[in-house]
Structures are given as C-alpha cells and as structure tokens.
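Understanding the architecture of this molecule
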Amino acid sequence: MYNHKAKIWTKDFINISLTQFIVFIGFYTLLTTLPLYVLNDLGGSEAEGGLVVTIMLIAAIAMRPISGNLLDKFGKKKTLLWSTGLFTGTMFFYFFIDSFVGLMFLRFIHGLSFGVVTTAASAIAADIVPNERKGAGLGYFAMATNIAMVVGPFIGLTLIQFISYKVLFVLISIIAVVGVICAMQVNIPQEIYKSRDQKDKKLTLDALIEVKALSIAAISLLVGLAYSSILSYVSVFADANGLSHVANYFFVVFAAVMIIARPSFGQLFDVKGPKYVIIPSLVIFSVGLVMLSYVESAWMFLITAGIIGLGSGSLLPSFQTMCIQAGSPGRSGHATATFYIFWDIGIATGSYVLGMIVARYNFHVMYITCAVLLIVVLALFMIQQTQHGRRIKVEQSAATQNLQ
C-alpha cells in the first residue's frame with residue numbers, strides 16, 4: 001500500500017544522488033568538450049571526435065553484465081567506493097594525454113569504471129528508497145542525471161572560452177573528488193541476499209543479468225534509441241536551422257519542466273501503476289518529436305523542449321523501477337545492470353543509425369521516424385502489460401489452489 005509518509009530524502013539518499021550527479025557532471029562535461037578537444041588541440045576529424053564518445057559507451061555496455069556479479073561478490077558499498085575512486089582517478093589522466101590513440105585508450109578505461117559506478121549507485125538508490133515509494137524515489141534519483149545533463153555541458157562549453165582544455169580536465173577531476181566523498185557517506189541497508197546458491201557462481205545468463213527484467217529492458221532500448229535523437233542531435237539540428245543562439249536553453253527548459261512534473265509522475269506511478277505514467281509519457285514524447293521536426297522559430301523550439309521534457313523525463317526511472325520490481329529479491333544490482341545494458345545500447349545505436357538517416361534524408365525524417373518508433377513502443381508496452389497481468393492472475397490462481 002502506498003505510504004506517503006515513508007521518507008525518501010534521507011541522508012543516504014541525498015549522498016547517493018549527489019554521487020550520481022557529480023559522476024554525470026564529469027561524463028557530460030567530457031561528452032561535449034572532448035570532440036572539440038580532438039578537433040582543436042589534437043588535429044583530429046569530426047569522425048574521430050565522435051569516436052571518443054562512442055568508445056566510452058561501448059566499454060560501459062561491456063561492463064554492465066559483470067557489474068551485478070561485482071555487487072554480489074564485494075557488496076554494493078565497496079563496489080561503489082572503488083568504482084567511484086577509479087572513475088575519479090582516471091579523470092586526472094586526461095591532463096597528460098596528447099594523442100588521439102592515447103585518448104581512445106583512456107576513454108575505454110574510463111568507460112569500464114563508469115559502467116560499474118552508475119550501476120552500483122542506481123542499485124543502492126533502489127535499496128534505500130522505501131518499497132512503497134519506489135516510483136517517486138527513483139524518479140527523484142534520475143533527476144540527478146537529468147540536471148547533470150544541463151550543468152555538465154554548460155560548465156564545459158562556458159569554461160573552454162576562458163581556460164585551456166588541460167585546466168578544464170583538472171577542474172572537473174577536482175569536482176569528481178567530491179563525488180568520492182559523498183559515496184563514502186552512504187550507508188545502505190544490510191545486504192541480506194548474498195550470492196544465492198553455489199550454482200550462481202557459474203557463468204550463466206542468469207548470473208550476468210536479471211532474466212525476469214528482459215522484456216521491459218528490451219522495450220527501454222527502443223526508447224533509448226529515440227531519446228538519442230535529443231541527446232546527440234538537438235544542438236546540430238539547432239545549428240542547421242539557425243537556432244544555435246537558443247540551443248543552450250533547450251536542455252534548461254527540458255530540465256525545468258521535468259523537475260516540476262517528476263514528483264507528480266512518481267506519485268502516480270506508486271499509486272496507480274506504471275501504465276498510468278508510461279503510456280501518456282510516450283504519447284507526449286512522440287508529439288514533441290513531431291513538433292520538433294517542424295520547428296522554425298526560437299519560441300517554438302523552446303516550447304517543444306518543454307513538451308519533450310514532460311514526455312521523456314519520467315520514462316527512464318519508470319522503466320528502471322519496473323526492471324527492479326520484476327527481478328527477484330536481492331537482485332536489484334542485476335536488474336539495474338540489465339536495464340542499463342539495453343538503455344545504453346539504445347543510445348549508442350541511435351547515435352549512429354539516426355546519423356545515417358540525417359545524412360541520407362534530413363532532420364525532419366529522423367524525428368518523424370523516432371516519433372513513429374515511440375508509438376511502436378507504446379504498442380509493445382501494452383502487450384507486455386497484458387501478458388504480465390495474465391501471468392499474475394495465473395500465479396494467484398495457483399497460489400489459491402495450493403492453499404485449498
């Protein structure tokens with residue numbers, strides 16, 4: 001039963017949210033400035049600038065299936081501490097890199113720790129949040145990522161106008177140290193569920209991911225693909241349409257609307273269930289993408305940002321919560337890793353495939369394609385929910401018969 005009095009904003013929840021926020025500030029600052037660093041300081045091409053983004057995501061995706069086992073073997077707190085420490089330590093090495101090959105190697109190493117620390121932080125947040133307020137709590141936690149998506153690029157793109165890239169790397173490394181300090185302050189509930197049986201130590205599919213969460217995670221992949229059209233191409237779209245002077249404000253409006261709407265959506269998720277959040281969110285997100293494809297003026301561009309923020313802002317935490325709820329008790333780490341594997345694949349695939357669509361056709365076709373994709377996602381989600389409802393009824397019927 002929903003209990004509004006169950007506390008979400010505890011000291012531990014605040015610290016794990018700050019840890020996630022600071023990690024993603026580093027991630028998004030580098031995401032927006034490293035391609036420029038490759039072009040301006042290393043003499044690389046646009047394609048090479050894109051590769052420094054892709055290689056980190058590839059490393060993170062490769063690390064996700066192992067992350068759940070690391071959380072089980074070493075415990076969530078220890079894994080959080082050493083992965084946050086490695087993420088921060090790696091950050092300092094950007095200062096010494098002066099070649100594209102060296103940068104690619106460092107980005108891959110950085111992606112490994114990024115894959116673990118984000119999985120650990122999300123799994124710990126899921127453990128800290130009261131069960132009856134999971135939707136609201138993980139929605140608030142996801143805001144740390146969304147706000148960092150605004151703050152990180154703003155910090156990076158503003159500072160490089162006044163300081164060198166090398167100095168920027170040092171500054172964000174120092175900021176990352178604060179994330180380690182916040183991680184040290186986190187206390188998590190006693191981990192009752194350890195590696196469950198001896199058989200779990202074998203290299204099986206269930207040992208790497210949460211199989212029960214696969215259907216929801218697979219749907220989230222398609223949402224991630226559509227979401228990459230915003231994350232990777234909004235600034236390019238704005239530049240191509242003479243809107244570069246308001247491009248920086250897109251994510252500000254996006255985040256502001258998301259922050260305002262998130263508490264209501266989170267409570268709705270907990271009280272009514274996921275379909276009451278995900279179905280309208282998918283429709284609103286799709287409408288926003290269609291509107292974006294026709295944008296010609298700055299005011300319409302920013303209105304569209306708000307609509308897209310309203311539609312997409314609650315999808316990531318909602319799908320993540322569903323994955324965790326679908327998993328077995330004590331498997332929040334595996335369920336979180338499973339979600340992020342598919343979400344990251346969607347983002348990485350979308351960034352490449354949608355670029356091909358833009359190159360062959362135009363931005364209008366790309367955004368319409370993504371809007372249609374979200375309608376397909378809506379249909380798949382409704383089918384999944386119907387099947388899930390039938391499965392619950394069968395299990396309840398079997399349980400009743402056993403009691404009789």
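- The name given to the protein in an unreviewed UniProt entry is MFS transporter, with the source organism recorded as Ornithinibacillus massiliensis.
- Regarding the protein, the relevant UniProt record gives this comment under Subcellular location (unreviewed entry): "Cell membrane".

**Details of the overall build of the protein**
- When its secondary structure is counted, the protein shows 15 helices and zero strands.
- Seen through its C-alpha atoms, the protein measures out along the principal axes to roughly 75 × 45 × 40 Å.
- Here the protein, with 404 residues, has 53% of them falling under the buried criterion.
- Considering only residue pairs separated by 6 or more positions, the protein has 85% of its internal contacts joining residues 24 or more positions apart.
- Surface accessibility of the protein: about 17900 Å² in total, with carbon and sulfur atoms responsible for 67%.
- In the protein, 26 side chains carry a positive charge and 18 a negative one; their mean positions are 10 Å apart.

**Structural notes on a nonpolar patch on the surface**
- A cluster of nonpolar residues, Phe92, Phe93, Phe95, Phe96, Val167, Val170, Leu171, Ile174, Val177 and Ile181, forms a patch on the protein surface that exposes about 870 Å² of accessible area.
- In terms of residue count, helix α6 (residues 165-184) provides more of the nonpolar patch than any other element does, six residues in total.
- Locating phenylalanine 93 in the fold gives a position in the loop between α3 (76-92) and α4 (100-128).

**Some words on helix α10 (residues 247-272)**
- With 26 residues, α10 should reach 38 Å at 1.5 Å per residue; the first-to-last C-alpha distance of 36 Å fits that figure.
- Of all the bends found along α10, the most pronounced is centred on alanine 261 and spans about 40°, while proline 263, a proline, follows it within four residues.
- Within α10 the residues assigned to the buried category are Ala247, Phe250, Phe251, Phe254, Ala255, Met258, Ala261, Arg262, Phe265, Gly266, Phe269 and Asp270.
- Where α10 is buried, its residues meet α5 (134-159), α8 (214-231), α9 (234-240), α11 (275-293), α12 (298-312) and α13 (315-326).
- Of the residues trailing α10, glycine 273 is marked for its positive phi of about 120°.

**Notes on the nonpolar core**
- The biggest cluster of nonpolar side chains holds 117 residues, and the ones touching the most others in it are Ile16, Ile230, Phe250, Leu289, Phe301, Phe319 and Tyr367.
- Sequence-distant contacts of phenylalanine 319, defined by excluding residues within four places in its chain, comprise Ile216, Ile219, Ser220, Val223, Ile278, Phe339 and Phe381.

**Section: the packing of α10 against α11**
- For the pair α10 and α11, the least separation of the axes is 7 Å and the interaxial angle reads 135°. Viewed along their axes, α10 and α11 adopt a mutual orientation that is oblique. In this structure, α10 contributes Phe265, Leu268, Phe269 and Lys272 to the contact, and α11 contributes Tyr276, Val277 and Ser281.
- Split into classes, the residues belonging to the contact of α10 with α11 amount to five nonpolar, one polar and one charged.

**Details of the layout of surface pockets**
- Counted as a void, the largest pocket has a volume near 1800 Å³.
- Around the largest pocket sit 50 residues that line it, and Leu31, Thr32, Leu231, Ser232 and Ser235 are the ones nearest its centre.
- Of all the secondary structure elements, the ones that give two or more residues to the lining of the largest pocket are α1 (11-40), α2 (46-74), α5, α8, α9, α10 and α14 (332-360).
- Element by element, the count of residues in the lining of the largest pocket is highest for α5, at nine residues.
- When its residues are assigned to classes, the lining of the largest pocket shows 32 nonpolar, 14 polar and four charged.

**Things to note about the side chain of serine 122**
- Looking at the secondary structure, you find serine 122 in helix α4.
- With relative accessibility at 0%, the residue serine 122 sits in the buried group.
- Among the polar contacts made by the side chain of serine 122, one reaches the side chain of tyrosine 340 at a distance of 3.3 Å.

**Description of the pattern of salt bridges**
- Scanning the entire structure with this criterion turns up three salt bridges.
- The partner of lysine 11 in a salt bridge is aspartate 12, with the nearest N and O atoms 3.4 Å apart.
- Between aspartate 127 and lysine 76 there is a salt bridge; the shortest N-O distance is 3.2 Å. Highlighted residues: aspartate 127 in helix α4 and lysine 76 in helix α3, separated in sequence by 51 residues.
- With relative accessibility at 7%, the residue lysine 76 sits in the buried group.

**A closer look at the packing of aromatic side chains**
- Under the defined criterion, the tally for this structure stands at 21 aromatic pairs.
- Geometrically, the ring pair formed by tyrosine 37 and tyrosine 165 is tilted, given 5.3 Å between the ring centres and 55° between the ring planes. One end of the pair, tyrosine 37, is in helix α1; the other, tyrosine 165, is in helix α6, with 128 residues separating them in the sequence. One exposure class covers both tyrosine 37 and tyrosine 165, and it is buried.
- Aromatic side chains phenylalanine 339 and tryptophan 343 sit 5.8 Å apart centroid to centroid with 20° between the ring planes, which places their arrangement in the stacked category. One end of the pair is phenylalanine 339 and the other is tryptophan 343, both in helix α14 and four residues apart, which spans about a single turn.
- On the accessibility criterion, phenylalanine 339 (0% relative accessible area) is buried.

**Considerations on empty space enclosed by the protein**
- Taken as a whole and assessed by the stated rule, the structure comprises three cavities of 30 Å³ or more.
- In this model, the largest cavity occupies a volume close to 60 Å³.
- If you list the elements that add at least two residues to the lining of the largest cavity, you get α5, α10 and α13.
- Broken down by element, the residue count for the lining of the largest cavity peaks at four residues, all from α10.
- When grouped by side-chain class, the residues that make up the lining of the largest cavity number four nonpolar, five polar and one charged.
- Quantified by volume, the second largest cavity comes out at close to 50 Å³.

Here is what the cut-offs are and how they apply
- Residues numbered from 1 in each chain as written.
- Predicted model: local features only at pLDDT ≥ 70, side-chain atom pairs only at ≥ 80, totals over all residues.
- Heavy atoms only, no water.
- UniProt positions renumbered as here; feature names shortened; annotations may be inferred.
- Helix = DSSP H or I, 4+ residues; strand = E, 2+ residues; numbered from the N terminus.
- Buried < 20%, exposed > 50% of the residue type's maximum accessible area, 1.4 Å probe, protein only.
- Contact = heavy atoms within 4.5 Å.
- Areas by Shrake-Rupley, 256 points an atom, 1.4 Å probe, with all protein chains shown as cover.
- Lys, Arg positive; Asp, Glu negative; His and termini not counted.
- Charge placed at Lys NZ, Arg CZ, Asp CG, Glu CD.
- Patch = residues over 30% accessible without salt bridge, like charges linked within 9 Å, V, L, I, M, F, W, Y side chains within 5 Å.
- Salt bridge = Lys/Arg side-chain N within 4 Å of Asp/Glu carboxyl O.
- Expected span 1.5 Å × (residues − 1).
- Bend = angle between axes of the 7 residues up to and from the residue.
- Core = buried A, V, L, I, M, F, W, Y, C linked by side-chain atoms within 4.5 Å.
- Axes fitted to C-alpha atoms, helices over the stretch in contact; angles between N-to-C directions.
- Parallel < 35°, antiparallel > 145°, perpendicular 65-115°, else oblique.
- Nonpolar A, V, L, I, M, F, W, Y, C, P; charged D, E, K, R; others polar.
- 1 Å grid on protein atoms, 1.4 Å probe; cavity = no way out; pocket = protein on both sides within 12 Å on 5 of 7 lines; lining within 4 Å.
- Points joined across faces, edges and corners; volume = space filled by probe spheres on them.
- Polar contact = N/O pair within 3.5 Å; in protein donor to acceptor, adjacent residues only side chain to side chain.
- Phe/Tyr/Trp six-rings, centres within 6.5 Å; stacked < 30°, edge-to-face > 60°.

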